[in-house]
Structures are given as structure tokens and as C-alpha cells.
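# Fold and geometry: a report
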Amino acid sequence: MTRGPVLSFTDRGLYCAAGDFFIDPWRPVARALITHAHSDHARAGHGAYLCTPATAPILQLRLGDLRVETLPYGRTLAIGGASVSFHPAGHVPGSAQIRVEVGGEAWVVSGDYKTEADGLSDPFEPVRCHTFVSECTFGLPVFRWAPQAAVMRDINAWWRANAAAGRASVLGAYALGKAQRILARLDPDIGPILTHGAVENVNEALRSAGVALPATLRVTPETGPAPHPGAFVLAPPAALGTPWAQRFGPAAEAFASGWMRLRGVRRRRGLATGFILSDHADWDGLNAAIAATGAQRVFVTHGYTAAFRRWLEEAGYEAGIVATEFQGEDADATAAETPAEVTE
């Protein structure tokens with residue numbers, strides 16, 4: 001086990017001995033601080049949870065009746081001998097970076113983050129620290145994102161063309177974060193907006209936390225194509241190509257993900273259309289975020305860790321890799337990649 005003065009890297013997750021808590025642990029612990037509610041960061045079985053107010057209802061939706069305390073962004077809480085504060089990560093609504101200070105030394109655990117403001121999540125906030133624990137899901141130069149506004153113009157144009165041709169538009173997007181980000185920027189004048197139950201459950205939880213979202217129609221077993229011609233349907237990626245997606249009659253399917261940057265991933269998914277839209281920082285965002293912390297020591301997790309660590313070391317950082325069970329975005333795509341694909 002590698003130890004640092006503030007956090008230790010253990011087989012249960014990132015541990016702070018001074019405060020006796022874990023950050024995003026993947027095995028049951030007495031006290032867990034949670035960066036956000038995606039299932040690879042927020043798991044069941046912990047004695048107590050601490051998260052942001054917008055994350056709490058999603059935790060309860062996904063994990064059931066929990067002992068959850070909340071801490072607003074920017075407020076400092078003393079836990080044992082550690083000072084803890086949450087800061088916006090820009091990843092999904094309620095997502096946080098967690099700053100931990102012990103004896104005057106500050107570490108920041110980023111969780112997952114993106115640096116482009118999406119207009120829905122609180123924008124990413126650089127936090128000064130001595131050590132930064134950063135994801136690097138898309139930690140190669142090939143991954144550079146177009147502005148969100150340009151991608152949403154393409155999504156609305158795709159929907160408009162499908163509706164004019166009498167087709168529904170079924171878009172696969174992660175139920176927490178990506179789906180709401182897209183929903184908030186769809187053009188409702190094109191047609192009705194329908195949601196898979198998994199997406200609508202998250203919508204309702206976020207609305208209860210004060211997140212403003214447009215009106216949507218939940219897909220039920222009785223939903224068919226006749227009442228909703230030319231509809232836009234938001235669903236988890238796993239619903240694409242299934243009987244569930246066939247209930248809307250003639251339809252076009254697409255997937256919104258940073259992995260759509262790789263033609264090989266698009267081919268494997270059998271999709272004619274893919275929109276490159278990620279809730280993770282791209283290459284430029286990762287580098288800008290790390291530089292803004294002022295940290296000289298950086299630990300990287302999930303993604304292209306070996307390549308990104310070498311890059312950081314060449315740039316003058318003290319860099320290391322943290323082995324975690326975090327998956328990042330669309331882990332099955334990550335596992336299937338080949339080096340040739342990332343050069344396309």
C-alpha cells in the first residue's frame with residue numbers, strides 16, 4: 001500500500017487516516033465521501049455517506065434508504081484531524097472534487113470532471129493544492145472535443161431530419177448527466193421528447209433537488225409510435241438495438257459519447273451516427289485543469305494512465321498511477337480499443 005501524508009491508496013479506496021474516512025470506496029466502509037452518484041464511484045453498503053445536496057437524491061434513488069449527510073460547495077467541515085470541502089467538478093449535476101487538508105498539506109480528489117461549462121452542472125472550479133488525483137479517461141491528444149453548442153446543433157439537425165422523414169430519433173446517453181445535458185438543449189419545437197424509465201427516474205430526482213429540466217414523457221409498456229410521430233427518445237445506451245427501442249416504429253439510432261471519436265468503436269456498435277459528446281475532460285481540459293491546481297504531484301486514475309503519467313513526468317510533474325475500480329465513460333469501449341484506433 002502506497003502511503004501519503006493526507007491520503008493512502010488501499011484495496012477499499014482512497015483513505016484519510018486523519019479523518020478516518022474513504023473517498024468513493026468500492027468496498028463497504030464506515031464513512032464514505034462521494035464525489036458523484038455514478039455507480040463506479042457510489043456503491044451500497046457504507047455506514048454513512050457525505051455528498052453534495054444535489055447528489056443525495058440520486059444516491060437514494062440508486063442505492064435505497066441510506067444515512068446521507070450533505071455539504072454544500074465551498075463549505076469546510078472538520079472531520080477528525082482533517083478539513084474537508086467540496087468544489088464543483090462540472091461532470092454531472094452535483095458532482096464534486098473533494099479537497100482534504102491535513103497539517104497544512106492539501107490534496108484534491110477530482111472524481112470525474114469536465115472543464116467545459118454545460119449550463120446544467122455547476123462549472124468546474126480549479127482548486128489549489130499540493131497533490132491532485134485526476135482521472136484521465138481521455139488522456140491522449142486524439143481526444144479533443146468540439147464545443148457543446150456545435151454538437152447540440154448537430155443533434156437537433158439529426159432529429160429534425162428524422163422527424164421530417166417520419167422516423168423517431170432514439171439517442172443513447174448515460175442516464176445521469178449526459179441525458180439531462182442533452183435534454184436541456186433539445187429544440188422542443190421539433191416534436192415530443194420521450195424518456196426511458198431509467199432516464200426519467202434521474203430527471204425526477206434532479207428536479208426534486210432544484211435542477212430545472214424541460215418537460216418529458218416517460219415511456220411505458222403502452223407507449224407506441226402512433227401518438228408521438230417524429231419523437232426524440234432518450235435512453236441508456238444498453239437500450240439501443242433492443243426490442244424496447246423498436247416500439248417507436250421506423251427509427252434512427254445514435255449514441256452520444258466521447259468514444260464516438262474512434263471509428264472502430266462506432267463500427268463495433270453498428271451505428272451509422274455517433275455524436276462526440278463527453279462528460280469527461282478532453283486532452284486539453286485535463287492539462288489545463290492540472291496546471292490550474294498548482295500541484296507538483298499528480299496521481300492519475302482510470303483511462304490511459306501509463307501514457308498520461310509519462311506525459312506529466314516529461315512536463316516536470318511528480319506523477320504516479322492509482323489503481324482503482326473506477327471505470328470512466330463506457331468501459332466496454334475502453335477494453336476493446338486497439339492502439340491503431342486511437343491514431344485515427
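Above this text you will find the structure in question.
We now turn to the structure provided with this report. (Residues numbered from 1 in each chain as written. Predicted model: local features only at pLDDT ≥ 70, side-chain atom pairs only at ≥ 80, totals over all residues. Heavy atoms only, no water.)

## Some thoughts on the packing of helix 7 (residues 283–293) against helix 8 (residues 305–314)
Here is the rule we go by: Angles shown run from 0 to 180 degrees and are taken between the N-to-C directions of axes, each axis being a line fitted to C-alpha atoms and, for helices, limited to the stretch in contact. A helix here means a DSSP run of H or I that spans at least four residues, while a strand means a run of E at least two residues long, and both kinds are numbered starting from the N terminus. Oblique is the label for every angle not falling under 35 degrees (roughly parallel), over 145 degrees (roughly antiparallel), or within 65 to 115 degrees (roughly perpendicular). Crossings are classed by handedness, with left-handed meaning an anticlockwise turn of the near helix from the far one by less than a right angle and right-handed meaning a clockwise turn. Contact definition: two residues touch when any of their heavy atoms are within 4.5 Å. Each residue is assigned to one of three groups, with Ala, Val, Leu, Ile, Met, Phe, Trp, Tyr, Cys and Pro labelled nonpolar, Asp, Glu, Lys and Arg labelled charged, and all others, Gly among them, labelled polar.
Viewed as axis vectors pointing N to C, helix 7 and helix 8 meet at an angle of 45°, and their least axial separation amounts to 13 Å. Comparing the axis directions of helix 7 and helix 8 gives the class oblique. In this structure, helix 7 meets helix 8 at a crossing whose hand is right-handed. Seen from helix 7, the contacting residues are Trp 283, Leu 286, Asn 287 and Ile 290; seen from helix 8, they are Phe 308, Trp 311 and Leu 312. Counted by class, the contact of helix 7 with helix 8 contains 6 nonpolar, 1 polar and no charged residues.

## Overview of unusual backbone geometry
Trans peptide bonds make up the majority, and among non-glycine residues the majority have a negative phi. Formally: Only protein chains enter the area calculation, which uses a 1.4 Å probe; residues under 20% of their type maximum are buried, those over 50% are exposed, and those in between are partly exposed.
For Asp 20, which is not a glycine, the phi torsion comes out positive at approximately 55°. Even without glycine at this site, Asp 24 takes up a positive phi of about 50°. Classification of Asp 24 by relative accessible area gives buried; the value is 1%.

## Details of the sheet that holds strand 15 (residues 232–235)
Using the following cut-off: At least two DSSP bridges between two strands are required for those strands to pair.
The sheet built from 6 strands is open, its strands ordered 14-13-15-12-16-17 with parallel pairing. Each edge of the sheet is formed by a strand with only one pairing partner; in this case those strands are strand 14 (217–218) and strand 17 (273–275). With 3 bridges joining them, strand 16 (residues 251–256) and strand 17 adopt parallel strand pairing. Bridged to Phe 255 within strand 17 is Gly 274. Helix 2 (residues 148–164) contacts strand 12 (168–172), strand 13 (193–195), strand 15, strand 16 and strand 17 of the sheet and is inclined by roughly 145° relative to strand 12.

## Comments concerning the nonpolar core
Here is the rule: Residue types Ala, Val, Leu, Ile, Met, Phe, Trp, Tyr and Cys, when buried and joined through side-chain atoms within 4.5 Å, form a set referred to as a nonpolar core.
Membership of the largest hydrophobic core comes to 43 residues, with the highest contact counts inside it found for Leu 171, Ile 182, Leu 186 and Phe 232. If you list the elements that add at least two residues to this core, you get strand 5 (48–51), helix 1 (56–63), helix 2, helix 3 (178–183), helix 4 (197–208), strand 15 and strand 16. In terms of residues, this core owes the most to one element, helix 2, which gives 5 residues. Beyond its immediate sequence surroundings of up to four residues, Leu 186 is in contact with Met 152, Ile 155, Asn 156, Trp 159, Ile 193 and Phe 232. Core analysis: the second largest hydrophobic core is formed by 24 residues, Trp 145, Ala 168, Ala 231 and Trp 259 among them.

## Some thoughts on the pattern of salt bridges
Worth spelling out the cut-off: One side-chain nitrogen of Lys or Arg within 4 Å of one carboxyl oxygen of Asp or Glu is enough to make a salt bridge.
For the structure shown, the criterion picks out 12 salt bridges. The partner of Glu 69 in a salt bridge is Arg 31, with the nearest N and O atoms 3.4 Å apart. Here Glu 69 is found in strand 6 (residues 68–70), whereas its partner Arg 31 is found in strand 4 (residues 31–33), with 38 residues between them in sequence. Given a relative accessible area of 35%, Glu 69 falls into the partly exposed group. Asp 284 is the salt-bridge partner of Arg 144, the closest N and O atoms lying 2.9 Å from each other. Residue Arg 144 is located in the loop between strand 11 (131–136) and helix 2, and its partner Asp 284 is located in helix 7; the two are separated by 140 residues in the primary sequence. Several salt bridges share partner residues, and in doing so they unite Lys 114, Glu 116, Asp 118, Arg 181 and Asp 279 into one network.

## Things to note about the sheet that holds strand 6
In space, the 6 strands of this open sheet follow the order 1-2-3-4-5-6, with mixed pairing throughout. Two strands bound the open sheet, and with one partner strand each, they are strand 1 (8–9) and strand 6. Across 3 bridges, strand 2 (residues 14–16) lies against strand 3 (residues 21–23) in antiparallel orientation. Bridge assignment links Tyr 15 to a residue of strand 3, and that residue is Phe 22.

## Re the environment of Pro 229
The topology assignment puts Pro 229 in the loop between strand 14 and strand 15. On the accessibility criterion, Pro 229 (60% relative accessible area) is exposed. C-alpha separation for the pair Pro 229 and Pro 93, spaced 136 residues apart in sequence, amounts to 31 Å.

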